[in-house]
Amino acid sequence: MDKILLKLVSLLNPMLQKTGVNKDQLNEILRIKLLMDNRRPKTIFGNKKNKSGKPPKSIFSNIMVVILGLMMSFLLFISDRPLAGQTLYFSMFMVMMALTLISDFTTVLIDTRDQFIILPRPVNDRTVAMARFLHVTLYITQIALLQGLPGILLVFFVDGWAAMPVFFIQVVEATLLSVLLVNTVYFILIKLVSPQKFKDIISYVQIAFSVCIFAVYYLVPKLINVSSLKHIDLLSHRWVSFLPPVWIASLNEIVLHAGRANLTILVMAVTGLIFPVIGIWFVAKVLAPGFNRSLAIVSSADGNSNASASTKKQYKTDFRDKLANLVAPDPIENAGFKITWKLAARTREFKMKVFPAFAYVPIYFLYFAFNGKGQSITEKYETMKGNASYIFLIYLSTFVLSTILQNVSQSAKYKSAWVYYALPIDQPGKILAGMYKAIIVLYFIPYCLVLSIATVIIWGPMTINDILLSFCISTIYGMLMALFMVKGLPFSKPIMVKAGGGKMIVSFVILGLIAALGFGHRFLIKWETLIWILIIPMILINWIMFIQYKKQSWDAIELADTDK
Amino acid sequence: MTDQPIIQIKNLNKFYDTKQVLKNLSLDIYPGQVIGYIGPNGAGKSTTVKILTGLLPEFQGEVIIDGMSMTENPQEIKKLIGYVPENAEIYDVLTPMEYLDFIGKLYGMEEPILSERIEKLLTAFGLGTNINDRMDTFSKGMKQKVLLTAGIINNPKILILDEPLSGLDANAVILVKELIIRLSKEGKTIFYCSHMMDVVEKVSDRILLINKGEIIADGTFESLKQNHSDTLEQIFSKLTGREESGVETDAIINALD
């Protein structure tokens, strides 16, 4: 496959050589980069760790891409005017391409190793920039073709044979546009911010993206009446014509339905074809040259070392330090609290996994709460307000708690955890206790507070006792999870994909127990005083379990495999 | 030393934003010299190396290598230089053979000569049996050997080594030290950056000490010794303005009380 792609690229050689690119070097760089890709596990759909020698470019992830493409292609049938359906399809297509590019290519686009491996060799800037661009394009083309395949086939049922080759061109167009957009944003961002910040921004964008897709998937069908899309006329809105997916869709309109196309559509279709070409030229000429230079400066030690210590930074104790001293006065516990807080706040992969969970909870809640059929949004809202569904909201937030607990002991840099084993800590349970307190105090309580305020505003102050009780039961859940599932010190184990079978059963049992308590709560909801009283034993149970957790000895702690 | 200098640096200045890291640096280096380039962290060492290897194309002043100007002809200059970077960056999913083949091709080397040379070099470095193993399983020392091989694969006129001994075991250290001396006898110019004073003292025939962007000492180890003290370590600490011996350790010991 790679060889074919390289052959294809070499067709461009004459043109590239004219712009000052060395074709042999370009070919060589591309070949080695593709080789490395094959040995690097993909992040989207792929399993994280593939230790076996087989190429991890698994058939499974390819099949997933095709299935996704199939699901997207149903959008083509949504409207009786292909323009609307195709616009939706290509919007989705481009979003998926951009997501893949962002998640798989952050490392590629800012591979700082290139600085020391390729740039000291006699390779000019333009060759490197072109190699980088073509590399991204080749990689994404493979995925794009798989993703577009179902669409290319199914478009036959909408517009007949002639639509299929046109659709192929449209897929290529969409791919190029996505590559171009992501590249441009990258190149501009890297000029404005440092790579460290840049990586942070990228991961926040990824989080926002995945939350949006999740929300759209669950909520849009509940809020919008799909059948109203049937006869939508996109072009009645002026701004629509500035969106790239519309340009792509216009190509179909102009070629296959020339009769009903007008000048606007013609202009858009032509823009869609020309734009990628201009864009590639723009990236190569204007944006790429400075890229290597700004990387060079950042990876240079002299550039950012503060040899002249004129601006001595003073560590500011903020309220969280005071909080730490207040809730975890024991020195070892305090250490556990602070290390969890600081590493959690600064570890990118932890945030990537945990932060989306905060947004999923309200989305899930609305999904279930708006379940009524054939009502308008205000009607749905009134129904929701009328029943006691708010209990469900707090209980759902245990999802956040379990996500944090599952991830808190894992880290890519787990080897730094040697300090725990090298120091004379006789009761590692204290570190765990500090960790648990940090999770509850810094993440769970503030989150529940926000949810509670929303609840009180919508349902009224009568709900406070229920909130408190469900909060206590939720922390019992957290405590049980911690006791039975989280036996690793904070950020001390390599990242694993899944827990073992035995653990799955335990976690289901715990979940079942909490569900039972939750339903019990729902059942007793009318007796307000009883709810108030029940809070007390729940706090006691929490307390007893916490004492138990704190007593964990080294035997109970799961150590990382230290042999490698 | 009647030859033309192979590296000429004239009034080199470099700023990062407003911070000046190199101040009016001027240097002539002749073929066959082994330059020991030393200085505290942040003194401008790695910036000099980056400019010499063509990684930082923006600077003020003149850098002329083998008669060519760095600003006008960086690609031709890069062909003359072999570089072993400090931070051991390597594509470790590749095998040494694949990696070195890649590097050689970037220098425009042809197939049969290249693969033969790779094999000979790796065998000489004691990696003969690991030629086709992926480097992600390699120890730090083994990776360093591959990087050294990559540095000399194109038979460069100038070899720039930045902490080349890190991770190597004692035998490999001896090998590299001998190699440096042999290469200089072959007429190669070697630019050796390190913090290990005892090694620099032994291998280099000219020592440059940089501090705060300026060369503050330049000469053979013998000539530096006469002016100051008996080991390079002492010369270094005196010239870079470390406080009177004992002051810092006193402070450390006192802090423990």
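Quick note: structure is the one above.
Residues numbered from 1 in each chain as written. Chains lettered and ligands numbered in written order. Predicted model: local features only at pLDDT ≥ 70, side-chain atom pairs only at ≥ 80, totals over all residues. Heavy atoms only, no water.

Here's the deal with the overall build of chain A
Note the cut-off: Think of it this way: any DSSP run of H or I at least four residues long counts as a helix, any run of E at least two long counts as a strand, and we number them from the N terminus. When a residue's accessible area, from a 1.4 Å probe over protein chains only, is under 20% of the maximum for its type it is buried; when over 50% it is exposed; and in between it is partly exposed. Contact between two residues is taken to exist if any of their heavy atoms lie within 4.5 Å; hydrogens are not considered. Each accessible area is a Shrake-Rupley result for a 1.4 Å probe, and residues are judged covered by the shown protein chains and nothing else.
Summing up its helical and strand segments, chain A has 23 helices and zero strands in all. Counting the 564 residues in chain A, one finds 47% classified as buried. When contacts within chain A are restricted to residue pairs at least 6 apart in sequence, long-range pairs at least 24 apart make up 82% of them. Carbon and sulfur atoms make up 70% of the accessible area of chain A, which totals about 28300 Å².

Focus: the side chain of Thr340 of chain A
Put simply, the rule is: Residues adjacent in sequence count toward polar contacts only when both atoms are side-chain atoms; beyond that, a polar contact is any pair of N or O atoms within 3.5 Å, and within protein one must be able to donate a hydrogen and the other to accept it.
With respect to the helices and strands, the residue Thr340 of chain A is situated in helix H14 (residues 331–346). One polar contact links the side chain of Thr340 of chain A to the main-chain carbonyl oxygen of Gly336 of chain A, over a distance of 2.6 Å.

So, the interface of chain B and chain A
Accessible area lost during the coming together of the parts is what is often quoted as the interface size. Quick note on the threshold: We define buried area as the total accessible area lost by two parts upon association, computed with a 1.4 Å probe and summed across both. Only one rule defines a salt bridge in this text: a Lys or Arg side-chain nitrogen within 4 Å of an Asp or Glu carboxyl oxygen.
Listed per partner, the contact involves 38 residues of chain B and 33 residues of chain A. Summing the contributions of chain B and of chain A, the shared interface buries around 3300 Å²; its carbon and sulfur component is 59%. Here chain B is connected to chain A by one salt bridge. Ionic pairing is found between Asp101 of chain B and Arg31 of chain A, a salt bridge with its closest N-O pair at 3.5 Å. Here chain B is connected to chain A by five residue pairs in polar contact (both at pLDDT 80 or more). Only strand E2 (19–29), helix H1 (45–52), helix H2 (74–80) and helix H3 (96–106) of chain B provide two or more residues apiece to the side of chain B that touches chain A. In terms of residue count, the dominant contributor to the side of chain B that touches chain A is H3 of chain B (seven residues).

Focus: the environment of Thr48 of chain B
All names here are of chain B. Relative to the helices and strands, Thr48 resides in helix H1. On the basis of relative accessibility, which here comes to 1%, the residue Thr48 falls in the buried class. For the pair Thr48 and Leu22, spaced 26 residues apart in sequence, the C-alpha to C-alpha distance is 7.9 Å. Residues contacting Thr48, with those up to four places away along its chain left out, are Leu22, Leu25, Tyr37 and Ile210. There is a polar contact of 2.6 Å between the side chain of Thr48 and the backbone oxygen of Gly44.

Concerning helix H7 (residues 125–159) of chain A
Residue and element names in this part refer to chain A. As a reminder of what qualifies: Here the bend at each residue means the angle between axes fitted to two seven-residue stretches, the one ending at that residue and the one beginning there.
At Gly148, H7 is bent by approximately 40°, the largest bend along its length, and proline Pro150 sits one to four residues beyond. Taking burial as the measure, the 35 residues of H7 include 25 buried ones, the bulk of the element. Looking one or two residues past H7, Gly160 carries a phi angle of roughly 85°, positive in sign.

As for the packing of aromatic side chains
The relation between two aromatic rings is expressed through the spacing of the ring centres and the mutual angle of the planes. All names here are of chain A. To be explicit about the condition: Pairs were defined over the aromatic rings of Phe, Tyr and Trp, the Trp ring being its six-membered one, requiring ring centres within 6.5 Å. Orientation was assigned from the angle between planes: stacked under 30 degrees, edge-to-face over 60, tilted for the rest.
Evaluation of the coordinates by the stated rule reveals 23 aromatic pairs over all chains. Aromatic pair Tyr436 and Phe546: ring centres 6.3 Å apart, planes at 40°, arrangement tilted. Residue Tyr436 is found in helix H20 (residues 429–459), and its partner Phe546 is found in helix H23 (residues 528–550); the two are separated by 110 residues along the sequence. Across the pair, Phe546 and Tyr436 agree in class, each one buried. Members of the aromatic cluster, joined through ring pairs, are Tyr89, Phe90, Phe93 and Phe167.

A few points about the sheet that holds strand E8 (residues 189–193) of chain B
Residues and elements named next belong to chain B. We count it as follows: Each pair of strands is called paired provided DSSP finds at least two bridges between the two strands. Think of each axis as a best-fit line through the C-alpha atoms, taken over the contacting stretch in the case of a helix, with angles from 0 to 180 degrees between the N-to-C directions.
Ordered in space as E6-E7-E8-E3-E9-E10, the six strands form an open sheet in which the pairing is mixed. One side of each edge strand has no neighbouring strand; the edge strands of this open sheet are strand E6 (81–84) and strand E10 (214–219). Across the sheet, the mean angle separating the axes of adjacent strands is 15° when strand polarity is ignored. Here four bridges tie E6 to strand E7 (residues 158–162), and the two strands are oriented parallel to one another. Bridge assignment links Tyr83 to a residue of E7, and that residue is Ile160.

Topic: the pairing of strand E1 (residues 7–16) of chain B
Residue and element names in this part refer to chain B. For E1, the buried fraction is high: seven of the 10 residues fall into the buried class. Both E1 and E2 contribute to a ladder of seven bridges, which runs antiparallel. Within the sheet, the bridge partner assigned to Gln8 lies in E2 and is Asp28. Taken together, E1 and the strand that follows it, E2, pair antiparallel across an intervening segment of two residues, in which Asp17 is found at a positive phi of about 55°. For E1 and strand E4 (residues 60–65), the ladder comprises five bridges, and the chain directions are antiparallel. Considered in E4, the bridge of Ile9 is made with Val63.

Considerations on the nonpolar core
Applied cut-off: Remark: nonpolar core denotes a set of buried residues (Ala, Val, Leu, Ile, Met, Phe, Trp, Tyr, Cys) joined through side-chain atoms within 4.5 Å.
Grouped together as the largest cluster of nonpolar side chains are 146 residues, with contacts concentrated most on Phe93 and Ile118 of chain A together with Ile65, Tyr99, Phe102 and Phe191 of chain B. Residue contacts for Phe93 of chain A: discarding those within four places in its chain leaves Met72, Ala144, Gln147, Gly148, Val171, Ala174 and Thr175 of chain A. Judged by nonpolar contacts, the second largest core, of 70 residues, contains Val408, Ala438, Ile473 and Ile525 of chain A.

Concerning the pairing of E10 of chain B
All names here are of chain B. The pairing of strand E9 (residues 206–211) with E10 spans five bridges and is classified as antiparallel. When the sheet's bridge partners are listed, Leu208 is paired in E10 with Asp218. Turn length for the E9-E10 hairpin, with the two strands adjacent in sequence and antiparallel, is two residues, and the turn residue Lys212 shows positive phi of about 50°.

Observations concerning the packing of helix H13 (residues 319–327) of chain A against H20 of chain A
Residues and elements named next belong to chain A. Cut-off, in case you're wondering: Roughly parallel means an angle under 35 degrees; roughly antiparallel means over 145; roughly perpendicular covers 65 to 115; every other angle is labelled oblique. Each crossing is labelled by how the near helix is turned from the far one, with a counterclockwise turn of less than a right angle marking it left-handed and a clockwise turn marking it right-handed. Residues were grouped as follows: Ala, Val, Leu, Ile, Met, Phe, Trp, Tyr, Cys and Pro as nonpolar; Asp, Glu, Lys and Arg as charged; and all remaining residues, including Gly, as polar.
At a closest axis distance of 11 Å, the pairing of H13 and H20 adopts a crossing angle of 130°. In terms of axis orientation, H13 runs oblique to H20. Judged by the twist between their axes, the crossing of H13 over H20 is right-handed. Across the interface between the two elements, Arg320, Leu323 and Val327 from H13 touch Lys437, Val441 and Leu442 from H20. Tallied by class, the residues present in the contact of H13 with H20 amount to four nonpolar, no polar and two charged.

Remarks on the sheet that holds E1 of chain B
Residue and element names in this part refer to chain B. Read from one edge of the open sheet, four strands run E2-E1-E4-E5, paired in antiparallel fashion. Every other strand in the sheet has two partners, leaving E2 and strand E5 (68–69) as the edge strands with one partner each. On the sheet, H1 packs against E1, E2 and E4 and is oriented at approximately 120° with respect to E1.

Remarks on a nonpolar patch on the surface
Residues and elements named next belong to chain A. Applied cut-off: Each patch is built from residues that are more than 30% exposed by relative accessible area and take part in no salt bridge. Like charges join if they lie within 9 Å; nonpolar side chains (Val, Leu, Ile, Met, Phe, Trp, Tyr) join within 5 Å.
Together, Leu145, Phe168, Ile169, Val172, Leu263, Leu266, Val267, Val270, Leu273, Ile274 and Ile278 make up a nonpolar patch on the protein surface, roughly 930 Å² of accessible area in all. Elements that contribute at least two residues to the nonpolar patch include exactly helix H8 (163–192) and helix H11 (263–298). Note on placement: Val172 falls in helix H8.

Things to note about unusual backbone geometry
Positive phi outside glycine occurs at Phe491 of chain A, with the angle close to 50°. Inspection of the secondary structure assignment puts Phe491 of chain A in the loop between helix H21 (464–485) and helix H22 (501–523). In this structure Phe491 of chain A comes out as buried when scored by relative accessible area, which is 4%. Its identity as a non-glycine residue notwithstanding, Glu163 of chain B has a phi of 45°, on the positive side. The topology assignment puts Glu163 of chain B in the loop between E7 and helix H6 (170–185).

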